[in-house]
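Read off the chains here:
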Amino acid sequence: MSIVQILPLRPVSRAYSYQVADHQSVVPGQIVRIPFGKNAKLPNEMGIVWAIPEKDETPRDKLKTCYPLDLIPPLSDALRQLIDFTAAYTMGSRGMVAKMSVPLNDIAPPVHKVTLYRLTPLGETIDITPLTAARGKVVTTLRKEKALTLADLTLQAGVSSAVPKGLIAKGLVTTEEISQETATPHIEPQDVHLPTYSAEQQSAADQLRQQVRDKKFKVTLLDGVTGSGKTEVYFAALLEALQMKKQALVLVPEITLTATFLERFEQRFGIKPIIWHSTLTPAQRRRNYQAICRGEAQVVIGARSALFLPYADLGVIVIDEEHDSSYKQEEVLFYNARDLAIKRGHLENLPVVLVSATPSLESYAHAAEGKYQWIKLPHRHAGATLPTIDTIDLRRESLNATQFLSPTLIAAVEKTLARKEQVLLYLNRRGYAPLTLCRTCGHRFECPHCTAWMVQHKNRGQLLCHHCGHVMAAPRICPQCNDEDSLVACGPGVERIYDAVRSQFPEARVVVLSSDTQKSMAGLQETLEKIEHHAVDIIIGTQIIAKGHHFPDLTLVGVVDADLGLAGGDLRASERTYQILHQVAGRAGRAEKPGFVLLQSYLPEHRVMQSLLANDRNAFLGVEAQERKDAGMPPYGRLASLIISSSSESAAQDQAQELARHIPWHDDVQVLGPAPAPLYKLRNKFRLRFLIKATKDFKIQPYITHWLEHTPKTKNARIQIDIDPYGFM
């Protein structure tokens with residue numbers, strides 16, 4: 001028996017010694033079944049063979065046995081290096097990083113179950129004359145076809161599903177469930193015809209194709225204005241990978257964007273790509289995982305976790321909307337999928353394409369310094385022009401406390417509807433109102449589990465915490481003073497804007513697009529198709545509608561609260577606000593009709609608004625870059641966070657004080673804190689934060705390791721580490 005080092009798919013970072021079962025052999029990267037735990041004897045968990053040491057002095061009788069699984073190929077050296085790098089860089093658990101590469105509890109081949117309807121012996125011989133016409137059609141159809149699914153049977157017989165089910169009760173029809181393997185759809189590259197490109201699109205596409213052909217690591221920033229055809233350009237890189245019999249990975253920041261992408265991809269390539277995200281069913285996950293491992297999945301589109309899957313032969317990685325903060329994972333494991341995609345490209349020696357109309361300051365700086373190739377698409381496709389942007393100074397509009405649409409914006413909506421064109425009203429705030437308070441005593445409804453106001457959802461008749469999901473029925477009586485009908489909604493959410501629009505434009509066809517109203521991908525796709533075919537006049541939406549969508553008749557975008565997001569002291573507040581406003585503005589005038597954008601703001605003089613008005617993104621980023629450089633902030637310095645949390649407030653504070661007493665001194669490091677987190681209580685945990693600020697080249701991980709090793713631990717307190725934090729709540 002040989003001895004191997006196995007990494008369990010658990011929150012551990014070390015590999016454990018096991019012996020291999022008799023007459024079995026393993027290789028590094030192979031998936032195995034192992035007994036894990038002090039008293040475990042059965043192979044109840046999965047692990048990965050991480051190394052096969054030349055010598056291991058562990059006594060054989062102390063070793064448990066591993067059992068190889070041959071259902072998928074071993075994880076490649078490059079993927080295991082990525083797992084090692086990710087765990088070391090993020091200071092996370094190596095076993096939990098590896099779990100993203102083997103995210104299934106059961107990696108057996110997926111079995112697709114199909115229910116077939118067939119006649120019983122009685123049904124085969126019975127005289128159909130006494131039967132109803134519909135039942136006679138079912139019997140006749142099954143005598144001809146032998147066995148059919150319910151959908152095929154009802155279609156061919158021309159009856160409702162109740163008819164064959166009624167025949168089951170009569171003993172004339174029976175059902176059986178069979179296993180049916182579903183083949184992965186295959187794209188024939190020679191049958192794919194890309195569109196006619198403009199000269200600048202053709203140049204960009206040719207450069208990306210050449211990078212795929214070169215099979216060398218290179219990072220390219222594909223920087224194009226909204227509507228410039230960036231997706232169609234990087235489709236050329238995907239097609240080149242397919243022609244070379246390589247796989248392609250496209251990362252998107254949000255699941256909601258996959259619906260639009262899938263439709264465009266299918267129009268161009270003839271079939272849908274393989275998808276990977278959290279809403280897949282277990283059967284879909286098994287099927288897609290097997291297809292990815294075996295190389296049958298030619299193109300994969302997925303959320304950030306798709307980056308760690310064991311692709312058989314990856315040829316290119318595309319990160320769409322590379323600037324989006326959703327690429328930063330901030331629960332359990334803290335990592336940035338965009339940055340790790342670049343690392344995977346380096347380890348596997350393949351090109352990585354970053355795509356955005358509003359690049360992150362990090363990517364912009366790297367492109368400006370020549371570290372990334374910079375491909376620019378400065379014009380909209382097919383002669384479309386960028387929209388005209390203007391601000392509405394709310395200080396001059398004299399709105400009362402329950403008015404949220406200014407007269408100027410209402411007049412613009414009226415004119416747009418009169419031209420039979422569409423309007424988008426954007427507000428990145430779900431629900432009806434962000435706060436409910438009592439006019440009599442001033443009581444505000446706060447979540448009992450979080451330091452956050454309860455958001456009113458009028459359609460549900462509920463107050464909801466958007467952080468932990470706590471729900472309570474919307475009250476009529478103030479719990480503080482018992483006054484009836486004194487509760488008022490403060491501020492607008494998209495539901496409240498909907499009420500205002502319905503009151504102002506009763507004849508208009510209005511739809512609300514948010515994660516609350518779109519519960520499924522199919523429902524979202526149906527709504528998007530209605531908008532595209534102009535079955536909707538006014539769209540009221542959150543950031544779900546801000547990017548990736550093309551509506552030819554949409555010519556007016558009104559931003560209800562352009563200042564939302566600027567407050568709070570976030571390092572990237574201005575950058576994020578500029579990006580989202582630029583993206584949502586880009587929904588207007590994407591076809592031959594000109595577009596107009598109106599930004600309602602109390603801060604029209606803010607540089608974000610002024611840069612949007614001047615259409616001068618580079619000037620805005622230049623100022624942002626200089627301010628960050630002067631302050632030693634990313635990308636010109638380094639940040640890390642320590643988050644201390646506990647269900648006991650005193651335990652959290654004690655641990656924070658212990659950490660404060662043991663802060664290591666270093667010339668290149670400044671430690672801020674401890675301070676209560678802006679969300680001091682979250683999901684019943686009290687939270688305090690340290691912010692570690694260091695020079696750009698300082699190795700921050702060894703510093704934190706030394707700090708934690710020399711700090712006593714407080715019982716019931718947890719310390720989480722966030723390297724390169726994006727959120728500070």
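Note that the structure is a prediction, hence the values are computed from the model and not measured. (Residues numbered from 1 in each chain as written. Predicted model: local features only at pLDDT ≥ 70, side-chain atom pairs only at ≥ 80, totals over all residues. Heavy atoms only, no water.)

S.K.: How would you explain the pattern of salt bridges if you had to name every residue and give the values?
M.R.: Opposite charge on two side chains makes pairing possible when the charged atoms of those side chains draw close. As enumerated under the stated definition, the model contains 33 salt bridges in all. A salt bridge links glutamate 484 to arginine 476, with the shortest nitrogen-to-oxygen separation between them at 3.5 Å. Notably, a salt bridge pairs lysine 593 with aspartate 553, separated by 3.0 Å at the nearest N-O pair. In this pair, lysine 593 is assigned in the loop between helix H16 (573–585) and strand E28 (596–601) and aspartate 553 in the loop between strand E26 (538–541) and strand E27 (554–559), connecting sequence segments 40 residues apart. In this structure, a network of salt bridges that share partners links the residues Glu575, Arg607, Glu624, Glu627 and Arg628. (Salt bridge = Lys/Arg side-chain N within 4 Å of Asp/Glu carboxyl O. Helix = DSSP H or I, 4+ residues; strand = E, 2+ residues; numbered from the N terminus.)

S.K.: Account for helix H5 (residues 150–157), with residues named and values stated.
M.R.: Among the residues of H5, Leu153, Thr154 and Ala157 are the ones counted as buried. Looking down the long axis of H5, one finds its buried residues gathered within 90° of arc, a one-sided arrangement. Residues of H5 that are exposed and point over 90 degrees away from its buried face: Ala151 and Leu155. One or two positions beyond H5, positive phi appears at glycine 158, with a value near 70°. (Buried < 20%, exposed > 50% of the residue type's maximum accessible area, 1.4 Å probe, protein only. Arc of directions from axis to C-beta.)

S.K.: So what about the side chain of threonine 711? Which residues, and what values?
M.R.: Within the secondary structure, threonine 711 is located in the loop between helix H20 (700–709) and strand E32 (718–723). Apart from the residues within four sequence positions on either side, threonine 711 is in contact with Gln655, Glu658, Leu659 and His662. (Contact = heavy atoms within 4.5 Å.)

S.K.: Quick rundown of the sheet that holds strand E31 (residues 685–695)? Include the residues and the values.
M.R.: Read from one edge of the open sheet, four strands run E30-E31-E29-E32, paired in antiparallel fashion. The open sheet has two edge strands, strand E30 (669–682) and E32, and neither has a second partner. Ignoring strand direction, the axes of neighbouring strands in this sheet form an average angle of 20°. Bridging between strand E29 (residues 637–646) and E32 involves six bridges; their strand directions are antiparallel. By the bridge assignment for E32, serine 645 is matched with arginine 718. The strands touched by helix H19 (residues 649–661) within the sheet are E29, E30, E31 and E32, with E31 carrying the most contacts at an inclination of about 20°. (Pairing = 2+ DSSP bridges. Axes fitted to C-alpha atoms, helices over the stretch in contact; angles between N-to-C directions.)

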